[in-house]
Amino acid sequence: MNDDEIFFIADLGENPTILINGKEESIPRYVVWNKPAAKMVEKSDDLPFLLEKYGLSMVHVLKYKPFL
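This report concerns the structure included in the present document. (Residues numbered from 1 in each chain as written. Predicted model: local features only at pLDDT ≥ 70, side-chain atom pairs only at ≥ 80, totals over all residues. Heavy atoms only, no water.)

This next bit is on the overall build of the protein. In terms of helices and strands, the protein carries one helix and six strands. Helices and strands in the protein line up, N terminus first, as β-β-β-β-β-α-β. With 68 residues in all, the protein has 28% of them scored as buried. Sequence-distant contacts, at least 24 apart, represent 40% of the contacts inside the protein between residues at least 6 apart. When the accessible area of the protein is evaluated, it comes to approximately 5,300 Å², of which 56% is carbon and sulfur surface. (Helix = DSSP H or I, 4+ residues; strand = E, 2+ residues; numbered from the N terminus. Buried < 20%, exposed > 50% of the residue type's maximum accessible area, 1.4 Å probe, protein only. Contact = heavy atoms within 4.5 Å. Areas by Shrake-Rupley, 256 points an atom, 1.4 Å probe, with all protein chains shown as cover.)

As structure tokens, this is what we get:
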């Protein structure tokens, strides 16, 4: 298995939001990325869907804590 086949799913936590032009916007909870691309591949709130799509054997789920 090469690096192109390994994906990471970042769990940003429940109800992550970001402030855009003074308006609070909700962002998806999960973000998929891979090392060679070094960029986001996909985003979703549906973890089971992402795990099925990218395959359980080549996915690493990363859990992040909010910054205070």
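Quick look at the side chain of Asp11 now. Locating Asp11 in the fold gives a position in strand β1 (residues 7-11). Side-chain polar atoms of Asp11 contact the side chain of Arg29, separated by 2.8 Å. (Polar contact = N/O pair within 3.5 Å; in protein donor to acceptor, adjacent residues only side chain to side chain.)

Bringing the sheet that holds strand β4 (residues 30-34) into the picture now. Read from one edge to the other, the open sheet built from four strands follows the order β5-β4-β1-β6, with strand pairing classed as mixed. Two strands lie at the open edges of the sheet, namely β5 (39-44) and β6 (59-63), each paired on one side alone. Adjacent strand axes in the sheet meet at a mean angle of 25 degrees, parallel and antiparallel pairs treated alike. Two elements, β4 and β5, share five bridges in a ladder whose sense is antiparallel. Looking at the pairing, Val31 lines up with Lys43 of β5. This element, helix α1 (residues 47-54), spans β1, β4, β5 and β6 of the sheet and lies at about 130 degrees to β5. (Pairing = 2+ DSSP bridges. Axes fitted to C-alpha atoms, helices over the stretch in contact; angles between N-to-C directions.)

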